[in-house]
Amino acid sequence: QVQLVESGGGLVQPGGSLRLSCAASGIIFSWYVMGWYRQAPGKQRELVATITNAARTNYADSVKGRFTISRDNVKNTVYLQMDSLKPEDTAVYYCNANNYGSSFWGQGTQVTVSS
């Protein structure tokens, strides 16, 4: 049974930082491109960042220079370090594991950026 379990969300003030984690089980972690997506109220889910097994990364323009994705293939965990957070970063953040059409999602973790 595949499980992706996110943690680390919460309430933070503008300009603050959060680190999200996603622990994967039930998959051969190194085979998968891992990613973070987010969905704000009334909006479609959008890509935030992805990372391949070779640590090749891709970021949405809106988060470049502020967010950093990383992975630990021993701990089967992917991380999203979020700095200089803005109110428009408020969303539910979802972890994704993708391998040529085999795609799995976590349950999501809420990130709220507000003063």
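It should be emphasised that the depicted structure is a prediction, and the values quoted were computed from it without experimental measurement.

A. Region of interest: the pairing of strand β10 (residues 102-105). Bridge count between strand β9 (residues 91-99) and β10: 4 bridges; the pairing is antiparallel. If you follow Asn 99 over to β10, its bridge partner there is Ser 102. Hairpin geometry of β9 and β10 is characterised by an intervening segment of 2 residues between the two adjacent antiparallel strands and by a positive phi of about 50 degrees at Tyr 100.

B. The arrangement of the pattern of salt bridges in detail. A complete count under the given rule lists 4 salt bridges for this structure. Among the ionic pairs, Arg 38 bridges to Asp 89, the shortest N-O distance being 2.9 Å. Within this pair, whereas Arg 38 is found in strand β4 (residues 33-39), its partner Asp 89 is found in the loop between β8 (77-82) and β9, the two being separated by 51 residues in sequence. Note on accessibility: Arg 38 and Asp 89 belong to one class, buried. Note that Lys 64 is salt-bridged to Asp 61, the shortest N-O span being 3.1 Å. Overall, the relative accessible area of 49% leaves Lys 64 in the partly exposed class. Classification of Asp 61 by relative accessible area gives exposed; the value is 65%. Connected through shared salt-bridge partners, Arg 38, Glu 46, Arg 66 and Asp 89 make up one network.

C. How the structure looks around the side chain of Thr 109. Tracing the sequence through the fold places Thr 109 in strand β11 (residues 109-113). Here the side chain of Thr 109 touches Gly 9 through a polar contact of 3.3 Å, landing on its backbone nitrogen. Every residue in contact with Thr 109, bar those within four places of it in the chain, is listed here: Glu 6, Gly 9, Leu 20, Ala 91, Val 92 and Tyr 93.

D. Structural detail: the nonpolar core. In terms of nonpolar packing, the biggest core is built from 29 residues, with Met 34, Trp 36, Val 78, Leu 80, Met 82 and Tyr 93 touching the most fellow members. When residues of this core are traced back to their parent elements, those giving at least two are β3 (18-25), β4, β5 (46-51), β7 (67-72), β8, β9 and β11. Not counting chain neighbours up to four residues away, the residues in contact with Leu 80 comprise Leu 18, Arg 19, Leu 20, Trp 36, Val 48, Ala 49, Phe 67, Thr 68, Ile 69 and Tyr 93.

E. Seen up close, the side chain of Asp 89. Residue class for Asp 89 comes out buried when judged on its relative accessible area of 1%. Excluding anything up to four places from it in sequence, Asp 89 contacts Arg 38, Arg 66, Phe 67, Ser 84, Val 111 and Val 113.

Analysis parameters
Residues numbered from 1 in each chain as written. Predicted model: local features only at pLDDT ≥ 70, side-chain atom pairs only at ≥ 80, totals over all residues. Heavy atoms only, no water. Pairing = 2+ DSSP bridges. Helix = DSSP H or I, 4+ residues; strand = E, 2+ residues; numbered from the N terminus. Salt bridge = Lys/Arg side-chain N within 4 Å of Asp/Glu carboxyl O. Buried < 20%, exposed > 50% of the residue type's maximum accessible area, 1.4 Å probe, protein only. Polar contact = N/O pair within 3.5 Å; in protein donor to acceptor, adjacent residues only side chain to side chain. Contact = heavy atoms within 4.5 Å. Core = buried A, V, L, I, M, F, W, Y, C linked by side-chain atoms within 4.5 Å.

Geometric descriptors of this kind do not, in isolation, establish any biological role.
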